[in-house]
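# Fold and geometry: a report
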Amino acid sequence: MNPMRFCLKEGNSGKSRFEEITVTVAQGPQVRPGVLTIDPYVPGTSQLPGTGPIIKLSSNETPHGSSPKARQAYRQAADKLDRYPDGSSTVLRNAIGARFGLNPDRIVCGCGSDEILHLLSQAYLGPGDEAIFTEHGFLVYRIVTLAAGATPVIAPETNFRADVDAILAKVTPSTRIVFVANPNNPTGTYLGIDEIRRLHGALPSNVLLVLDAAYAEYVKRNDYEAGIELVATTPNTVMTRTFSKIHGLAGARVGWAYCPAEISQMLNRIRGPFNVTGAGMAAAVAALEDRTYESQSVAHNAEWLPWLEQEMKALGLDVTDSVGNFLLIRFPDTPGRRAAEADAFLQSRRIILRRLENYGIPDGLRMTVGLADENRTVVSALKDFVNGAAADA
Ligand SMILES: *Cc1c(COP(=O)(O)O)cnc(C)c1O
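Residues numbered from 1 in each chain as written. Predicted model: local features only at pLDDT ≥ 70, side-chain atom pairs only at ≥ 80, totals over all residues. Heavy atoms only, no water.

This part is about the overall build of the protein chain. Within the protein chain, the regular secondary structure consists of 13 helices and 15 strands. For 393 residues, the compact-globule formula gives about 21 Å, and the C-alpha radius of gyration of the protein chain, at 21 Å, lands near that figure. Taken along the three principal axes of its C-alpha coordinates, the protein chain extends 55 × 55 × 50 Å. Across the 393 residues that make up the protein chain, the buried fraction comes to 52%. In the protein chain, 71% of the contacts between residues at least 6 apart in sequence involve partners at least 24 apart. Each charge class in the protein chain was averaged separately, 39 positive and 42 negative side chains, and the resulting centres sit 2 Å apart. (Helix = DSSP H or I, 4+ residues; strand = E, 2+ residues; numbered from the N terminus. Rg over C-alpha atoms; globule rule 2.2 N^0.38 Å. Buried < 20%, exposed > 50% of the residue type's maximum accessible area, 1.4 Å probe, protein only. Contact = heavy atoms within 4.5 Å. Lys, Arg positive; Asp, Glu negative; His and termini not counted. Charge placed at Lys NZ, Arg CZ, Asp CG, Glu CD.)

And the structure:
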């Protein structure tokens, strides 16, 4: 056994943290060192012991099911399962281009936007390079950075919000990518377009700014933009989007990126030749066309997000100012009232929210906005929890 040491730059202190990892060197394939520093991504819980319906609001999926048109297109695609899909996702890129007024040549589709994030890292990060993201930023940035052999650099947030100056303070000659989820998951907070422009303007031109706009459709703020114009007008900005959230196609795995022409060419060199399934593409095109479904989902969220925020505050719980389809609820550090205890209590009522220890928020639970009844049930359960009711057996 041969202990190896890795340096991970982390946190506010500017100090390096050393981790000892024991690697067997005697025999067998040797994995690249960065891989061993990755904690595998743990998805939100979806099962509970016992029987009966579950209210699962742990993964920011839509509560409405996918559009009937998308489901029909997916089913129809079953007749072509024996054939490879169009490897260029042409029909889908054209549909996205038409919808948003973008050049389809600069759109790259992926098996979820997670794949796009991996592709960007593979293309632009390697050993010795650094990628910056924020303290409570989306966990996938860490995974894709380490998988590429590069070093994650964490910029502190201010009140659970990305802080442009703190990000800029972390830039070094080794910085290659800055990942910003806007809005961010799990905090729900966002940066206005002026702040994003200020960030971009202060980055060296060889640093790629990745704007992950997975929740863009839900945002109802005048100063928010997903980043299309910045991508169109600068050589070093990429915007990623997904069909997993507003379009209700998390199970179909379809995401996309709008890129500078050169970057889209690089991603097309390294991606798998058939990285998006035929059924996924067909469902995504149908979902884009179903504007009624989409606007109903947006309206539902716009109604229930503020209601939930208000109810949580009335229960004495902290909530961040979320603009997504979810809320970050924070619990006091009082025995019997903590987040982990709230989680156990809710699970005893067959309600699943998302624990956030691995996001560095042990006092928080993330709740996806659900259907009206689900939202009311969660609030009334939390009312009982706050009032000291015993958990159900
Ligand atoms: C859910 C989510 C995604 C979407 O990932 P897919 O691979 O497209 O399902 C991307 N970024 C953030 C911040 C998310 O929360």
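With that out of the way, let us pick up the site of the ligand. With respect to spatial proximity, the complete set of residues near the ligand consists of Gly112, Ser113, Asp114, Phe138, Asn185, Asp212, Ala214, Tyr215, Thr242, Ser244, Lys245 and Arg253. One of the backbone nitrogen or oxygen atoms of Asp114 is found 3.0 Å away from an oxygen atom of the ligand. Thr242 places a polar side-chain atom, nitrogen or oxygen, 2.5 Å from an oxygen atom of the ligand. With three residues, the single largest contributor to the shell around the ligand is helix α4 (residues 112-124). Of the residues belonging to the shell around the ligand, the class tally is three nonpolar, five polar and four charged. (Near = heavy atom within 4 Å. Polar contact = N/O pair within 3.5 Å; in protein donor to acceptor, adjacent residues only side chain to side chain. Nonpolar A, V, L, I, M, F, W, Y, C, P; charged D, E, K, R; others polar.)

As a further point, take the sheet that holds strand β4 (residues 107-110). Pairing in this open sheet of seven strands is mixed, and the strands run β4-β10-β9-β8-β7-β5-β6 from one edge to the other. The open sheet has two free edges, formed respectively by β4 and β6 (151-155), since each of these has just one partner strand. The average angle at which neighbouring strand axes cross in this sheet is 20°, direction not considered. Note: strand β5 (residues 130-134) against strand β7 (residues 175-181), three bridges, orientation parallel. Bridge pairing in β7 links Ile132 to Val178. (Pairing = 2+ DSSP bridges. Axes fitted to C-alpha atoms, helices over the stretch in contact; angles between N-to-C directions.)

Taken in spatial order, the four strands of this open sheet run β11-β12-β15-β14, and their pairing is antiparallel. Of all strands in the sheet, those bounded by a partner on one side alone are β11 (318-319) and β14 (354-355). Of the strand pairs in this sheet, β11 and strand β12 (residues 326-330) are connected by two bridges, and their pairing is antiparallel. For Val319, the partnering residue across the bridge sits in β12 and is Ile329. Relative to the sheet, helix α12 (residues 339-348) contacts β14 and β15 (364-368), its axis offset from that of β15 by approximately 40°.

What follows concerns the side chain of Ser58. Note on placement: Ser58 falls in the loop between β3 (55-56) and α2 (68-76). Separated by 3.5 Å, the side chains of Ser58 and Lys56 make a polar contact. The contact partners of Ser58, leaving out residues within four places of it in the chain, are Gly44, Thr45, Ile352, Leu353, Arg354, Arg366 and Thr368.

Turning our eyes to something else, we now look at the packing of helix α11 (residues 291-314) against helix α13 (residues 372-386). One can describe the packing of α11 onto α13 by two numbers: an axis separation of 11 Å at closest approach and a directional angle of 5°. By the angle between their directions, the pair α11 and α13 is classed as roughly parallel. Residues His300, Trp304, Trp307, Leu308, Glu311 and Met312 of α11 pack against Ala372, Asn375, Arg376, Val379, Leu382 and Lys383 of α13. Tallied by class, the residues present in the contact of α11 with α13 amount to seven nonpolar, two polar and three charged. (Parallel < 35°, antiparallel > 145°, perpendicular 65-115°, else oblique.)

Moving on, we come to the domain arrangement of the protein chain. According to the domain assignment, the protein chain consists of domain 1 (55-62 + 292-392) and domain 2 (68-289). Measuring from the centre of the C-alpha atoms in domain 1 to the corresponding centre in domain 2 gives 27 Å. If you look at the interface, domain 1 gives 25 residues, while domain 2 gives 26 residues. By the criterion of area lost to domain 2, the three top residues of domain 1 are Glu294, Val323 and Tyr359, representing 33% of everything that side buries. Counting across the domain 1 and domain 2 interface gives two salt bridges. Here Arg221 ties to Asp321 by a salt bridge, and the two come within 3.2 Å at their closest N and O atoms. Counting across the domain 1 and domain 2 interface gives eight residue pairs in polar contact (both at pLDDT 80 or more). Elements with a contribution of two residues or more to the side of domain 1 that touches domain 2: α11 and β12. Sort the elements by how many residues they give to the side of domain 1 that touches domain 2 and α11 lands first, with six residues. (Domains from an automatic or database assignment. Buried area = accessible area lost by both parts, 1.4 Å probe. Salt bridge = Lys/Arg side-chain N within 4 Å of Asp/Glu carboxyl O.)

The next point concerns the nonpolar core. Among the nonpolar cores identified, the biggest contains 31 residues, and Leu117, Leu120 and Phe179 are the most heavily contacted of them. For this core, the leading source of residues is α4, giving four residues. Two domains share this core, each providing at least three of its residues, namely domain 1 (55-62 + 292-392) and domain 2 (68-289). Ignoring anything within four residues of it in the chain, the contact list for Phe179 reads Leu117, Ser121, Ala131, Ile132, Phe133, Tyr141, Val144, Thr145 and Val210. Formed by 29 residues, the second largest nonpolar core is a distinct cluster that contains Ala70, Val254, Tyr258 and Met281. (Core = buried A, V, L, I, M, F, W, Y, C linked by side-chain atoms within 4.5 Å.)

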